[in-house]
Amino acid sequence: MTPLLLAAALVLAAPPAAPAGPKVSGDTKDCLRCHETATPGIVGDWRRSRHAQTTLRQALGKKALEKRVSAKKVPDDLLDVVVGCAECHTIDPESHKDTLEHGGFDVHVVVTPRDCATCHPDEADEFDRNLMSRAYGNLANNPLYHSMADDVNGIPPGKSDPVTERSSCYACHGTKVDVAGTVKRQTAVDEMEFVVLKGWPNQGVGRINPDSSRGACTACHTRHQFSIEQARKPEACESCHKGPDVPAFGVYMSSKHGSLYQTVSDSWNFSAVPWVPGRDFTAPTCATCHVSLLATADGTVIAPRTHEMGDRLPWRLFGLPYAHPHPKSPDTSTIVNKAKLNLPTELSGEPVAGAVIGPDEVAKRKAALKQTCRPCHSQGVIEGHFEQLEHTIETTNAATLAATKLMQRGWAAGAAKGPAQGGSPWDEALERHWAEQWLFWANSTRFSSAMMGWDYGVFEGGRWDQSKGLKELQEAVEHAEKAKGKKR
Amino acid sequence: MTPLLLAAALVLAAPPAAPAGPKVSGDTKDCLRCHETATPGIVGDWRRSRHAQTTLRQALGKKALEKRVSAKKVPDDLLDVVVGCAECHTIDPESHKDTLEHGGFDVHVVVTPRDCATCHPDEADEFDRNLMSRAYGNLANNPLYHSMADDVNGIPPGKSDPVTERSSCYACHGTKVDVAGTVKRQTAVDEMEFVVLKGWPNQGVGRINPDSSRGACTACHTRHQFSIEQARKPEACESCHKGPDVPAFGVYMSSKHGSLYQTVSDSWNFSAVPWVPGRDFTAPTCATCHVSLLATADGTVIAPRTHEMGDRLPWRLFGLPYAHPHPKSPDTSTIVNKAKLNLPTELSGEPVAGAVIGPDEVAKRKAALKQTCRPCHSQGVIEGHFEQLEHTIETTNAATLAATKLMQRGWAAGAAKGPAQGGSPWDEALERHWAEQWLFWANSTRFSSAMMGWDYGVFEGGRWDQSKGLKELQEAVEHAEKAKGKKR
Amino acid sequence: MTPLLLAAALVLAAPPAAPAGPKVSGDTKDCLRCHETATPGIVGDWRRSRHAQTTLRQALGKKALEKRVSAKKVPDDLLDVVVGCAECHTIDPESHKDTLEHGGFDVHVVVTPRDCATCHPDEADEFDRNLMSRAYGNLANNPLYHSMADDVNGIPPGKSDPVTERSSCYACHGTKVDVAGTVKRQTAVDEMEFVVLKGWPNQGVGRINPDSSRGACTACHTRHQFSIEQARKPEACESCHKGPDVPAFGVYMSSKHGSLYQTVSDSWNFSAVPWVPGRDFTAPTCATCHVSLLATADGTVIAPRTHEMGDRLPWRLFGLPYAHPHPKSPDTSTIVNKAKLNLPTELSGEPVAGAVIGPDEVAKRKAALKQTCRPCHSQGVIEGHFEQLEHTIETTNAATLAATKLMQRGWAAGAAKGPAQGGSPWDEALERHWAEQWLFWANSTRFSSAMMGWDYGVFEGGRWDQSKGLKELQEAVEHAEKAKGKKR
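Predicted model only: the values in this text are computed from it and were never measured.

Rules and cut-offs
Residues numbered from 1 in each chain as written. Chains lettered and ligands numbered in written order. Predicted model: local features only at pLDDT ≥ 70, side-chain atom pairs only at ≥ 80, totals over all residues. Heavy atoms only, no water. Helix = DSSP H or I, 4+ residues; strand = E, 2+ residues; numbered from the N terminus. Buried < 20%, exposed > 50% of the residue type's maximum accessible area, 1.4 Å probe, protein only. Lys, Arg positive; Asp, Glu negative; His and termini not counted. Charge placed at Lys NZ, Arg CZ, Asp CG, Glu CD. Contact = heavy atoms within 4.5 Å. Buried area = accessible area lost by both parts, 1.4 Å probe. Salt bridge = Lys/Arg side-chain N within 4 Å of Asp/Glu carboxyl O. Polar contact = N/O pair within 3.5 Å; in protein donor to acceptor, adjacent residues only side chain to side chain. Phe/Tyr/Trp six-rings, centres within 6.5 Å; stacked < 30°, edge-to-face > 60°. Least-squares fit on C-alpha atoms with pLDDT ≥ 70 in both. Arc of directions from axis to C-beta. Axes fitted to C-alpha atoms, helices over the stretch in contact; angles between N-to-C directions. Parallel < 35°, antiparallel > 145°, perpendicular 65-115°, else oblique. Left-handed = near helix turned anticlockwise from the far one by under 90°. Nonpolar A, V, L, I, M, F, W, Y, C, P; charged D, E, K, R; others polar. Pairing = 2+ DSSP bridges. pLDDT = per-residue confidence, 0-100. Patch = residues over 30% accessible without salt bridge, like charges linked within 9 Å, V, L, I, M, F, W, Y side chains within 5 Å. Areas by Shrake-Rupley, 256 points an atom, 1.4 Å probe, with all protein chains shown as cover.

1. Focus on the overall build of chain A
Here is step 1: A tally of helices and strands in chain A yields 20 helices and eight strands.
Here is step 2: If you line up chain A on its principal axes, its C-alpha atoms span 105 × 60 × 40 Å.
Here is step 3: Burial status across chain A gives 57% buried among its 488 residues.
Here is step 4: Each charge sign in chain A was given a centre, from 55 positive and 58 negative side chains, and these centres are 3 Å apart.

2. Re the interface of chain A and chain B
Here is step 1: Listed by partner, the interface residues are 60 residues for chain A and 55 residues for chain B.
Here is step 2: Between chain A and chain B, a total of about 4800 Å² is buried, with carbon and sulfur atoms accounting for 61% of that surface.
Here is step 3: Contact with chain B buries surface across chain A, with Arg-48, Ile-155 and Ser-167 of chain A losing the most and accounting together for 13% of the total.
Here is step 4: Where chain A meets chain B, there are two salt bridges.

3. A word on unusual backbone geometry
Here is step 1: A cis amide bond links Val-273 of chain A to the next residue, Pro-274 of chain A, at an omega of -5°.
Here is step 2: Summarising the element assignment, Pro-274 of chain A is placed in the loop between helix 15 (256-264) and helix 16 (286-290).
Here is step 3: A positive phi angle, near 50°, is found at Phe-226 of chain A, a position not held by glycine.
Here is step 4: The topology assignment puts Phe-226 of chain A in the loop between strand 4 (191-198) and helix 12 (228-232).
Here is step 5: Notably, Asp-92 of chain B is not glycine yet its phi reads approximately 45°, a positive angle.
Here is step 6: Counting through the fold element by element, Asp-92 of chain B comes out in the loop between helix 5 (85-89) and strand 1 (99-102).

4. Details of helix 15 (residues 256-264) of chain C
Here is step 1: When you tally the buried positions in helix 15 of chain C, you get nine out of nine residues, the bulk of the element.
Here is step 2: Within the span of helix 15 of chain C, buried status applies to Lys-256, His-257, Gly-258, Ser-259, Leu-260, Tyr-261, Gln-262, Thr-263 and Val-264 of chain C.
Here is step 3: On the buried face of helix 15 of chain C, the contacting elements are helix 12 (228-232), helix 13 (235-238) and helix 14 (248-253) of chain B together with helix 13 (235-238) and helix 14 (248-253) of chain C.
Here is step 4: If you check the start of helix 15 of chain C, you find a side-chain oxygen 3.2 Å away from the backbone N of His-257 of chain C, and it comes from Ser-255 of chain C.

5. Observations concerning the packing of aromatic side chains
Residues and elements named next belong to chain A.
Here is step 1: Tallying each qualifying case throughout the model produces 51 aromatic pairs over all chains.
Here is step 2: Between Trp-275 and Phe-281, the ring centres sit 4.4 Å apart and the planes meet at 45°, which makes this aromatic pair tilted.
Here is step 3: What makes Trp-275 buried here is its relative accessible area of 1%.
Here is step 4: On the basis of relative accessible area, Phe-281 is assigned to the buried category, the value being 4%.
Here is step 5: Taken together through their ring pairs, the aromatic side chains of Tyr-252, Tyr-261, Trp-268, Phe-270, Trp-275 and Phe-281 make up a single cluster.

6. Points about the relation of the copies chain A and chain B
Here is step 1: For these two chains of identical sequence, chain A goes onto chain B by a turn of 120° and a shift of 0.0 Å along the axis, with RMSD 0.0 Å. Such a combination of rotation and displacement between the chain copies is what one expects of a three-fold axis.
Here is step 2: When the interface residues of chain A are mapped onto chain B, a mere 2% of them are again interface residues, pointing to distinct binding faces.

7. Quick look at the relation of the copies chain B and chain C
Here is step 1: Note on the identical chains: chain B maps onto chain C by a rotation of 120° and an axial translation of 0.0 Å, with an RMSD of 0.0 Å.
Here is step 2: Little of the interface of chain B is mirrored in chain C: 2% of its interface residues are interface residues there too.

8. Overview of helix 7 (residues 121-129) of chain C
Here is step 1: Among all positions of helix 7 of chain C, only Glu-123, Glu-126 and Phe-127 of chain C are buried. Considered in projection along helix 7 of chain C, the buried side chains sweep an arc of 100° and stay on one side of the axis.

9. Quick notes on the packing of helix 17 (residues 359-371) of chain A against helix 18 (residues 379-412) of chain A
All names here are of chain A.
Here is step 1: Across the interface, helix 17 lies against helix 18 with an axial gap of 11 Å and an inter-helix angle of 130°. Judged by the angle between their axes, helix 17 and helix 18 are oblique. For the element pair helix 17 and helix 18, the recorded crossing hand is right-handed. Contacts from Lys-366, Leu-369 and Lys-370 in helix 17 reach Ile-382, Glu-383, Phe-386 and Glu-390 in helix 18.
Here is step 2: Its residues assigned to classes, the contact of helix 17 with helix 18 comprises three nonpolar, no polar and four charged.

10. Observations regarding the pattern of salt bridges
Here is step 1: The tally for this structure, following the rule as stated, stands at 60 salt bridges over all chains.
Here is step 2: With a shortest N-O distance of 3.8 Å, Glu-123 of chain A and Arg-305 of chain A are connected by a salt bridge. Of this pair, Glu-123 of chain A sits in helix 7 (residues 121-129) while Arg-305 of chain A sits in the loop between strand 6 (301-303) and strand 7 (315-316), and the two are 182 residues apart along the sequence.
Here is step 3: By relative accessible area, Arg-305 of chain A is classed as partly exposed at 25%.
Here is step 4: In this structure, Glu-229 of chain B and Arg-50 of chain B form a salt bridge, with 2.8 Å as the shortest nitrogen-oxygen distance. With Glu-229 of chain B in helix 12 and Arg-50 of chain B in the loop between helix 3 (40-47) and helix 4 (56-60), this residue pair connects regions lying 179 residues apart in the sequence.
Here is step 5: According to the relative accessible area criterion, Glu-229 of chain B is buried, its value standing at 19%.

11. Focus on the pairing of strand 2 (residues 105-108) of chain A
Looking along a regular strand, one sees side chains alternate from face to face of the sheet.
Residue and element names in this part refer to chain A.
Here is step 1: Taken together, the four bridges between strand 1 (residues 99-102) and strand 2 define a ladder with antiparallel strand orientation. Within strand 2, the position partnered with Glu-101 by the bridge is Asp-106.
Here is step 2: A loop of two residues connects strand 1 with strand 2, the two strands running antiparallel in sequence, and Gly-103 in this loop sits at a positive phi of about 60°.

12. What about the interface of chain B and chain C?
In many analyses, interface size is given as the accessible surface area lost on bringing the parts together.
Here is step 1: Between chain B and chain C, the residue contacts involve 60 residues of the former and 56 residues of the latter.
Here is step 2: Here Lys-468 of chain C ties to Glu-436 of chain B by a salt bridge, and the two come within 3.0 Å at their closest N and O atoms.
Here is step 3: Taken together, chain B and chain C are joined by 27 residue pairs in polar contact (both at pLDDT 80 or more).
Here is step 4: Of all elements in the fold, only helix 1 (3-13), helix 3, helix 9 (143-153), helix 10 (162-166), helix 11 (169-173), helix 13 and helix 19 (429-451) of chain B reach the threshold of two or more residues within the side of chain B that touches chain C.
Here is step 5: Take the side of chain B that touches chain C: its biggest share by element is seven residues, from helix 19 of chain B.
Here is step 6: Here the side of chain B that touches chain C is built from residues that sort into 28 nonpolar, 16 polar and 16 charged.

13. Some thoughts on the packing of helix 18 (residues 379-413) of chain B against helix 20 (residues 463-487) of chain B
All names here are of chain B.
Here is step 1: Across the interface, helix 18 lies against helix 20 with an axial gap of 9 Å and an inter-helix angle of 20°. By the criterion of interaxial angle, the relationship of helix 18 to helix 20 is roughly parallel. Here the hand of the crossing between helix 18 and helix 20 comes out left-handed. Along its contact with helix 18, which presents Thr-392, Thr-396, Ala-399, Ala-402, Ala-403, Leu-406, Met-407, Arg-409, Gly-410, Ala-412 and Ala-413, the element helix 20 presents Arg-463, Gln-466, Leu-470, Leu-473, Gln-474, Val-477, Glu-478, Ala-480, Glu-481 and Lys-484.
Here is step 2: The class makeup of the residues in the contact of helix 18 with helix 20 is eleven nonpolar, five polar and five charged.

14. Some details on the pairing of strand 3 (residues 178-186) of chain C
Residue and element names in this part refer to chain C.
Here is step 1: Bridge analysis of strand 3 against strand 4 (residues 191-198) gives eight bridges, and the strand direction is antiparallel. For Gln-186, the partnering residue across the bridge sits in strand 4 and is Glu-191.
Here is step 2: The turn linking strand 3 back onto strand 4 is made up of four residues.

15. Some remarks on the side chain of Gln-225 of chain A
Here is step 1: Within the secondary structure, Gln-225 of chain A is located in the loop between strand 4 and helix 12.
Here is step 2: For Gln-225 of chain A, the side chain forms a polar contact with the side chain of Asp-45 of chain A, separated by 2.8 Å.
Here is step 3: Excluding anything up to four places from it in sequence, Gln-225 of chain A contacts Asp-45, Arg-48 and Ser-49 of chain A together with Val-264 and Thr-282 of chain B.

16. Here we look at the confidence of the model for chain A
Here is step 1: Here chain A averages 94 in pLDDT, while 95% of its residues score no lower than 70.
Here is step 2: Here residues 1-19 of chain A is modelled with pLDDT under 50, and outside its nearest four sequence neighbours on either side it reaches 14 contacts, counting other chains as well.

17. Some details on the environment of Ser-444 of chain C
All names here are of chain C.
Here is step 1: Within the fold, Ser-444 resides in helix 19 (residues 429-451).
Here is step 2: On the accessibility criterion, Ser-444 (2% relative accessible area) is buried.
Here is step 3: Residues Ser-444 and Gly-384 lie 60 residues apart in sequence; the distance between their C-alpha atoms is 20 Å.
Here is step 4: Not counting residues up to four positions away in its chain, the partners in contact with Ser-444 are Pro-244, Pro-247, Tyr-456 and Gly-461.

18. Remarks on a negative patch on the surface
Residue and element names in this part refer to chain A.
Here is step 1: Side chains of Asp-92, Glu-94, Glu-101, Asp-106, Asp-190, Glu-191 and Glu-193 sit close together on the surface and give a patch of like negative charge.
Here is step 2: Here Asp-190 is to be found in the loop between strand 3 (178-186) and strand 4.
Here is step 3: The class of Asp-190 is partly exposed, set by a relative accessible area of 45%.

Laid out in C-alpha cells, this is it:
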C-alpha cells in the first residue's frame with residue numbers, strides 16, 4: 001500500500017488527531033484551571049480566537065503584508081506561547097490601578113490599548129491620533145455637552161447623573177473607569193477579594209482606563225475573540241453608529257454596498273490579510289473604506305491599514321452644527337467659537353479659524369478615500385459620486401444656516417431663551433426643533449449622500465423632515481415676532 | 001484490501017444510501033398522498049423538521065439533559081412513528097370545534113398547545129403560567145384597551161372593528177378563533193367541505209383556540225418546522241417585539257451581544273440541547289437569557305429551560321404606565337388601580353397593592369436572570385450592569401410621573417378632556433404626547449439599558465424624545481392654565 | 001489497485017485540477033489584460049457570476065423550465081463564449097451615445113436593458129410594461145412632483161436642483177443619463193479619453209440611458225455578478241423600498257416570512273430555476289410572490305416568471321393619495337384628476353375614470369398573486385389574509401378621506417394656502433401633517449396588512465401615528481375656523 005493510500009485511509013478513518021498546537025503558557029494554564037469552569041463562555045470564546053491559536057513567533061514571521069502584529073520585537077517570554085489570559089491580564093501590573101492579587105497573580109481587570117500595544121503598537125498609535133480615542137474628554141471637558149446632557153438626561157428637570165450618563169452618552173463615548181475600592185466575594189473556590197470599579201462595565205471607544213490610557217480596542221474587536229472578522233463587518237459599527245444623529249449603519253445596509261453584503265457575502269473571506277478586493281470580497285464594508293489594509297492579489301497596496309479613520313475622512317459629516325473639514329486635533333474640547341460655544345464651527349457656518357484641517361489635507365484625505373473606490377469603479381463614477389456628496393454638504397449646511405438664523409430671530413423675539421439671554425440652547429421645545437435640524441436631519445441627509453442609502457436623505461429622516469422642521473420653526477418664530485410686535 | 005480502505009473507497013464512490021429512516025404512520029402517509037402535491041411547501045418544510053426525522057421512542061430515550069420532549073409517557077401508537085400530519089391534526093378530535101371529516105379522517109385545522117402537550121407537557125404548563133398565554137384576554141377583558149383601540153384603530157372617528165383588530169393588536173396578542181360555519185370548495189381531488197374560521201389566520205401568542213386552549217406554539221416555533229433553531233434566534237422575537245413601544249429586537253441587534261450574533265454566529269450551534277455557552281455560542285440571544293436550558297459541557301445546569309419567561313424577568317419594563325415588578329398572575333385584566341383604570345400601577349407610580357410579585361420573588365428572578373450572565377461575565381460586570389438598569393427604571397418612572405402630573409394639570413385646566421371629565425385618555429393630541437412619554441420613550445430607554453442597545457436610550461426614541469416631549473407637554477399645559485386663568 | 005481506489009487517492013492527494021472551463025472571447029481577454037489590474041474588484045465580481053461560467057450555447061440548451069435566458073436565438077459569435085466585458089460593453093455601439101474608442105474598441109459605459117435583451121428579451125419586454133421602467137418620467141413629467149421636490153429639496157426656500165435630485169428622488173427612480181462631453185485622464189497605461197456623463201452614477205430602476213432605453217437591470221441584479229440569488233433576497237429590494245412611505249423591507253423582515261428567511265434560510269437554494277417551494281425554500285421572499293418562476297418538483301408551473309411585477313399586484317398600496325387598483329399604463333404622468341392634479345385618484349377617493357385596471361383585471365391579478373400562497377397555505381388562510389388586507393385598504397382610504405376633508409376645510413379657513421388659493425400643497429407645516437397621513441401612515445398600515453409586519457400597522461408608523469396626526473389636523477383646522485369666525 002502506497003503512503004498516499006495510507007494517508008487517504010487515515011484521513012477517513014481516524015478521528016482528527018488533537019493538534020499538537022501552539023503552547024499555552026503555564027500562567028494561562030493556571031487561569032484556565034478555574035476559569036474553564038467559572039467562565040466557560042469567556043474561555044470558549046477565547047479558544048476560537050486567533051490569540052489562542054498562534055504564537056507571536058508565528059505572527060512575527062509572516063510576510064510584511066500578511067502581518068497582523070506591528071511590533072518589531074516582543075518580550076522573549078511571549079514569543080513561543082499563545083496570547084492567553086495571563087499574557088494580557090497580568091502585563092505591567094504596576095501601571096494598572098485595578099491590579100489585585102488573584103490566585104497568586106497580580107491581575108488587572110481592564111485590558112487597555114496600552115496592553116495591546118505590546119504586540120500592536122502601530123494600531124495603538126494610530127488610534128491615539130483618532131478622534132474616537134478622545135470621545136470621553138470631548139464630551140466631559142465641553143460645557144456645551146453638559147448643558148445638553150442635563151437637558152436631555154436630567155428628567156424631570158434636574159442635572160444629569162453619572163449612572164445615567166454611563167447608560168447613555170458615555171456608553172459609546174466611554175466612561176472614566178476608576179477603582180472605587182475592593183469587595184470580598186465567595187467564589188466556587190474560596191472567598192476572594194475583587195476590585196470595585198466605577199464607570200464599569202463599559203466598552204466605549206474613548207474609555208479612560210485605570211492605567212490612564214485612552215480607548216477600548218474591544219469597542220470594535222469584542223472580547224475575547226478580538227476578531228478582525230467582526231471588526232470588518234458593519235454590525236461591529238452598528239452599536240454606536242445608529243440613530244438619527246449618525247445613521248451610518250442603516251444607510252450602509254440600505255445601499256448597494258450593503259445589499260451585496262447582505263445577499264452575496266457568504267462566499268467572502270473576512271479574515272484575509274491583506275484584504276483583496278475581487279478575491280476576498282465584492283463590495284466594501286465600513287472597514288474597507290476607512291480602516292483596512294487593501295491590496296491586489298499580487299501584493300500591490302491599494303490602501304494601507306490605519307486605525308486613525310480620519311486618514312480616509314476629509315470631512316466630519318456630523319454637524320456641530322455645520323459639517324466641516326475634520327478637526328486638526330483629536331481633542332476638540334478646546335475649540336471655542338466666537339459665540340463662546342465649544343463648537344468647531346461658527347453659528348454662521350465657517351469653521352473656527354485654525355481648528356480644522358486645511359485644503360491640502362482635505363485633498364490628501366479625499367484622494368486616500370477615493371483610492372478605496374478604484375478597484376471597483378471608474379474615475380467617472382467616483383467623481384460623480386463625490387460631486388453629489390460635496391453638493392449635499394453645501395445644501396445641508398445652507399439649511400442649517402437658515403434654521404440657525406430663524407432660531408436667533410426666535411431668541412430675539414422671546415420665543416425661547418437662548419445662550420445670549422443666559423439660557424440653555426436645548427431646554428425649550430422650539431430649541432429642540434432647531435437642534436434636530438442639524439443633529440438629525442442634516443446629518444442623516446449627508447450620510448445618505450456619502451454612502452448611497454438614499455431613503456435616509458428623503459423620507460427616512462432626511463430632507464422631508466428637514467424642510468418640514470424648517471417650516472415649523474419659521475411659523476413659530478414669525479408667530480413670536482408678531483406677538484412681540486403686538487405687545488410693544 | 002483492508003475493510004478500512006474499502007470503506008474509504010465506498011465513501012468516495014457511492015452516492016449516499018437512502019437512509020432507512022424512521023417510520024411514517026399510515027395515516028400520515030394518507031395525508032401526504034395528496035398534500036405532497038397540494039401543499040408541497042408545507043410538506044417540504046415538515047420534512048426538514050425534527051418531527052419528520054425522529055420517533056418518540058428515540059426522543060424519549062435521550063439522556064435527561066438532552067431531551068427535547070418532557071412527556072414521561074406517550075400513547076403507544078405514537079412511539080415508533082415520526083410526528084407527521086395525522087399525529088397532530090387528528091389528535092383528540094372531539095375537543096376541537098374545528099374538526100371536520102377530510103379524506104376519511106377527523107381533521108382539525110388549528111393545532112394547539114393542548115395538542116403539543118401530548119409530548120411537551122412541561123412546556124405547555126410553563127407557557128400557561130406565562131403572561132403571553134393571556135395576551136388575548138389581557139386586552140379583550142380590559143376596558144382601557146378598548147378605549148385605546150377605538151381611538152387608534154377607529155379612524156375616522158368611530159369604533160374599532162374585529163377585522164382591523166386582527167390586523168393590528170390581536171395579530172401579536174392572538175385572536176379568538178371561532179368556527180363560523182363550513183364551505184364547499186372544489187379541490188384537485190374532489191369537491192370538499194372545509195370549516196370557515198373567524199379570527200383566522202392568526203399566530204398570535206395568546207390566541208384562543210377552537211379547543212378553548214390558549215396560545216400558539218407557532219408564534220415562535222413557526223410551522224411546519226417548529227424549530228428550536230428559529231426560536232433561539234432573535235428574529236423569531238422580532239415579529240412582535242419591535243416598534244417604539246417595545247423595541248427589544250432593535251435594541252438587541254445594536255448591542256454588543258447582537259453585534260456578535262450578527263458577525264460571528266456562523267460557527268454557532270443553534271440546535272444543541274442542552275445549550276452550552278462557549279462551546280455552542282459566544283453571545284446570548286433572547287432565548288439564552290429568558291428561555292433556554294443552559295449547561296456546561298460537563299452537564300452542570302446553568303439555567304433550566306422555561307417557557308414562562310417571567311421566571312427570568314423580575315420587572316416588567318413595559319410601563320403601564322410605570323415599569324413595575326412582574327404581575328403575580330398572568331391574567332392582568334382583573335387588576336384595577338385606585339383611579340379605576342385597569343392598570344398594574346397607580347397614576348402616582350406605585351404598583352397596585354397585591355397585584356405584583358414581592359421583593360423576595362423579584363430577588364429570586366433577578367438571581368435566575370443573572371445566572372445566565374455568569375458564563376461570560378465576572379460578578380463586577382453583572383452588578384454594574386444591573387445597577388444602571390435599576391437606576392434607569394427609577395429615572396424613567398420619575399419622568400413618567402412628571403409627565404402624568406402635567407397631564408393631570410392639563411386635564412384640570414381644560415387642555416384636554418380626561419377620564420375624570422368622562423373623556424378617553426387618548427383621543428386628543430395632547431394626550432397622545434403624554435401617552436408617548438411612557439408607551440414609547442420610557443419603554444425604549446429601559447430596553448436600551450436592559451440590553452445595551454444604547455442609542456435607543458438617547459437619540460433613537462430614548463431620552464431625547466422623552467425630554468423633548470416633556471417640554472412640549474409642559475408648555476402646552478402652562479399655556480392652557482394661563483388661558484384658563486385669563487378666562488376667569 | 002483498483003481504479004476506484006486510485007480515484008479515491010487522487011481526490012485526496014491532488015490539488016483540484018484547473019477546470020477547462022468555458023471560453024472567454026478574444027475581445028474580453030483584451031479587456032481583462034488591463035482591467036485585471038485596473039479594476040480587480042469588477043473582474044473578481046464578474047468571475048463569480050454565471051455570465052463568466054456559462055456559454056450561451058449551454059444556457060440555450062437547458063430544458064424549458066430551467067432556462068435563464070429567454071432568447072430563442074442569439075448572434076452566432078456569442079454562442080460559444082462566456083458573457084464577458086466586451087460582449088456587453090461593445091454591443092451595438094452606434095445606438096449608445098456614450099460610446100467612445102477605448103483600447104481599440106468602441107466601448108459604452110452604460111449597459112442598458114436593450115443590451116441585456118440580446119439574451120433576455122422577454123424579461124426586457126416585461127420590465128418595459130412595469131411601472132418601474134417609467135419611474136423617471138412619472139416624476140419628471142408630473143408638475144405635482146416638481147412642486148413637492150421644490151418644497152422638500154429646495155431648502156432653504158428655493159428650487160430643487162439636479163444634483164440634489166440625483167441624490168434623493170432620482171437615486172431610486174433613475175436619472176436621465178446624458179453625455180456632457182469627454183475628458184482626458186492619465187491612466188496606468190496611457191493618457192486616455194473618457195466620456196463625461198450627467199446624472200451619473202445612477203442605478204435607479206427607471207433610468208433613461210444614453211441609448212434612450214429605459215431602466216437599469218442592475219437596480220436589482222447588481223453589477224457585475226447580476227445574480228439571481230441577490231435579486232431573490234429581500235435586501236435587493238431594501239435599497240428603495242424602505243422609509244415610512246414604502247416600508248416594504250422592514251415589514252417583510254418583521255413578518256413570519258421574514259423571520260423564517262432570517263433564521264432558517266441557510267439551507268435554502270436561492271439559485272435553482274425553476275424555484276421549488278418546499279424543496280428550495282420554506283418561506284417566500286419579495287421575488288417569490290411578485291417575480292419568480294415557481295414550480296413543483298415534478299415541473300408543474302405554480303407561477304410563471306415575470307418582470308412586470310404588476311402581473312401579481314392587483315392594487316397599488318402606495319396611496320396617491322388613496323390606494324387604488326393598479327394604473328393601466330406604466331406611464332402615469334398623463335393621468336390628471338378633476339382637481340387638475342396629476343394623481344390617479346380624485347381628492348374624494350375614487351380612481352380617476354379610465355386610468356386604472358378594471359375589476360376583471362384586479363380579480364385576475366389577485367388570483368395570480370394568491371397562486372403563490374398555495375404551496376404553503378390552505379384556501380381558508382389565504383381568503384382570511386386577503387379579507388383583512390382589503391379591509392385595511394378600505395379603512396386607511398377612509399382615514400385619508402377624513403384627513404383630506406379636514407385639509408380642505410383648513411385651506412378654506414386660511415390655515416394654509418392650498419392649490420385652490422394658488423399655493424403648493426406641501427409648503428406649510430400643516431400641509432405636511434396632511435401629506436404624512438397618506439404618504440406615510442396609511443401606506444405603512446397597508447404594507448403591514450399586506451405582508452404581516454404587524455407593528456408597522458400600529459406603533460411603528462401605523463395607526464397610532466395616523467390617528468394622532470388626524471387629531472392634530474382636526475384641532476388645528478378647528479382652531480383656524482374659530483379664529484376666522486372671530487375675525488368676521
